[in-house]
Amino acid sequence: MNIQPLLTYIQNFVELTSEEILYLKANLSSRKYLKGQFVQQQGDVCKTSSFIIKGCTKMFYVDDDGQEHVIMLGIEDWWVSDIGSFINQIPSDFNIQCLEDTELIQFPFDKMENIYIKIPKLERFFRKIVERGLAATQKRIIRNFSLTAKERYIIFRNSYPSIEQRIPQYMIASYLGITKEFLSKIKSQLTQES
């Protein structure tokens, strides 16, 4: 199992010793998913927190009318899980599906406490990751309330240029809270303006 991308990511926050790396590696799992496979399904309890080594995922909610709402997208060096389900071990509100063949390093819930006990600095690391995620979510909520769809799309395009090329337009539209037709109009306007 190649955990080097994960270790490189962790080293941005905390320094691990060689013994800690060996312990961590022994308590993680690696899993490959095919395009279209689900990592997590709505109603199931989230048993792992996953780091994306390769691939692309979407987290989405399906409402009572069968409408899909994309909540989050994920690519290499990003985390993907239903954090509420994972922490509280309750049924998930979300699906996580692979948009490409995807490889994940997974932190099993049943091993997390032992990992924190053996490597306390990882608890600090995960706190920082969750804090960053919460701040990004709050910023996204404010943008959804205060910015136009065009402004939200421009921010998305500028913030995540590599994602836009990897996923269908209707998913970007869902993530932005607009229809794919409206997204096409926005893109057409921006092309005319440039």
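Everything here concerns the structure above.
So, a few notes on the structure that sits alongside this text. (Residues numbered from 1 in each chain as written. Predicted model: local features only at pLDDT ≥ 70, side-chain atom pairs only at ≥ 80, totals over all residues. Heavy atoms only, no water.)

Considerations on unusual backbone geometry
The phi torsion at aspartate 77 lies on the positive side, around 70 degrees, for a residue other than glycine. Looking at the element boundaries, aspartate 77 is found in the loop between β5 (68–74) and β6 (79–80). For aspartate 77, a relative accessible area of 37% puts it in the partly exposed group. Even without glycine at this site, glutamine 89 takes up a positive phi of about 50 degrees. In this fold, glutamine 89 is placed in the loop between α3 (83–88) and β7 (95–98). (Helix = DSSP H or I, 4+ residues; strand = E, 2+ residues; numbered from the N terminus. Buried < 20%, exposed > 50% of the residue type's maximum accessible area, 1.4 Å probe, protein only.)

As for a nonpolar patch on the surface
Nonpolar side chains collect at one region of the surface, where Ile83, Ile87 and Val130 lie side by side and expose about 250 Å² of accessible area between them. Its place among the elements puts valine 130 in helix α5 (residues 120–146). (Patch = residues over 30% accessible without salt bridge, like charges linked within 9 Å, V, L, I, M, F, W, Y side chains within 5 Å. Areas by Shrake-Rupley, 256 points an atom, 1.4 Å probe, with all protein chains shown as cover. Salt bridge = Lys/Arg side-chain N within 4 Å of Asp/Glu carboxyl O.)

Some remarks on the sheet that holds strand β2 (residues 38–40)
Strand order in the open sheet made by the four strands is β2-β7-β4-β5, with antiparallel pairing throughout. The strands lining the two open edges of the sheet, one partner per strand, are β2 and β5. When strand polarity is set aside, the average angle formed by the axes of neighbouring strands in this sheet is 30 degrees. Inspection of the sheet shows β2 paired to β7 by two bridges, in the antiparallel sense. (Pairing = 2+ DSSP bridges. Axes fitted to C-alpha atoms, helices over the stretch in contact; angles between N-to-C directions.)

Details of the pattern of salt bridges
Counted according to the given criterion, the structure contains seven salt bridges. Glutamate 68 is the partner of lysine 58 in a salt bridge, and the nearest nitrogen-oxygen pair spans 2.6 Å. With lysine 58 in strand β4 (residues 57–62) and glutamate 68 in strand β5, this pair connects stretches of sequence that are ten residues apart. Under the relative-accessibility criterion, lysine 58 is labelled buried at 3%. The partner of arginine 166 in a salt bridge is glutamate 76, and the shortest N-O contact between them spans 2.8 Å. Remark: glutamate 76 occurs in the loop between β5 and β6 and arginine 166 occurs in the loop between α7 (161–164) and α8 (169–176); sequence separation between them is 90 residues.

Comments concerning the pairing of strand β3 (residues 48–54)
Here β3 lies mainly inside the structure; six of its seven residues are buried. As paired strands, β3 and strand β8 (residues 102–108) are joined by six bridges and run antiparallel to one another. Looking across to β8, one finds that lysine 54 is bridged to glutamate 103. Sheet analysis places β3 next to β6, joined by two bridges and oriented antiparallel. Residue pairing for β6: phenylalanine 51 is matched across the bridge by tryptophan 79.

By themselves these figures say nothing about function.
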